[in-house]
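Remarks on the overall topology
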Amino acid sequence: MTPVVIDASAGVEILAHTAHGRRLAGLLPTDAVGYVPEHFYVEVAGVVRHQTVVTRTLTEETAEMCCVGSIVGICAERNPDR
């Protein structure tokens, strides 16, 4: 088991299956266990909003998938101390 702290921007890229996200996912150890800080979900929402509204790099469908995915699938543990 390798603990990995997941940044919101990286998490969105991985969930959106962008080229950058696929490269990031490829760097994760096969035994990675994700940890996120308490504010991770708020940060994901901010990144998704920015990439949907400001830069228009995410479609609304992908944005929705990223928000739902961050809640149910990207992390195993929340770590309030980080």
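Residues numbered from 1 in each chain as written. Predicted model: local features only at pLDDT ≥ 70, side-chain atom pairs only at ≥ 80, totals over all residues. Heavy atoms only, no water.

Some details on the packing of helix H1 (residues 8-16) against helix H2 (residues 19-27)
- Close contact between H1 and H2 brings their axes to 7 Å; oriented N to C, the two are set at 105°. Classified by the angle between their axes, H1 and H2 sit roughly perpendicular to one another. Residue-level inspection shows Ala 10, Glu 13 and Ile 14 of H1 in contact with H2, the latter providing His 20, Gly 21, Leu 24 and Ala 25.
- Looking at side-chain class alone, the contact of H1 with H2 contains four nonpolar, two polar and one charged residues. (Axes fitted to C-alpha atoms, helices over the stretch in contact; angles between N-to-C directions. Helix = DSSP H or I, 4+ residues; strand = E, 2+ residues; numbered from the N terminus. Parallel < 35°, antiparallel > 145°, perpendicular 65-115°, else oblique. Contact = heavy atoms within 4.5 Å. Nonpolar A, V, L, I, M, F, W, Y, C, P; charged D, E, K, R; others polar.)

Quick look at the packing of H1 against helix H3 (residues 40-54)
- Between H1 and H3, the least distance of the axes is 8 Å, while the angle of their chain directions is 60°. One way to sum up the angle between H1 and H3 is to call them oblique. Crossing handedness for the pair H1 and H3: right-handed. Contacts between H1 and H3 pair Ala 8, Ser 9, Val 12 and Glu 13 from the former with Phe 40, Glu 43, Val 44, Val 47, Val 48 and Gln 51 from the latter.
- Among the residues making up the contact of H1 with H3, the classes are represented as six nonpolar, two polar and two charged. (Left-handed = near helix turned anticlockwise from the far one by under 90°.)

Digging into the nonpolar core
- If you look at the biggest cluster of nonpolar residues, it comprises 14 residues, and the most contacted ones within it are Ile 6, Ala 8, Val 12, Phe 40, Val 44, Val 48 and Cys 66.
- Secondary structure elements with two or more residues in this core: H1, H3 and helix H4 (60-72).
- Excluding residues within four positions of it along the chain, Cys 66 makes contact with Val 12, Leu 15, Ala 16, Val 44 and Val 48. (Core = buried A, V, L, I, M, F, W, Y, C linked by side-chain atoms within 4.5 Å. Buried < 20%, exposed > 50% of the residue type's maximum accessible area, 1.4 Å probe, protein only.)

Section: the environment of Ala 8
- The residue Ala 8 is located in helix H1 in this model.
- The class of Ala 8 is buried, set by a relative accessible area of 2%.
- The sequence separation of Ala 8 and Val 36 amounts to 28 residues, and the corresponding C-alpha distance is 8.5 Å.

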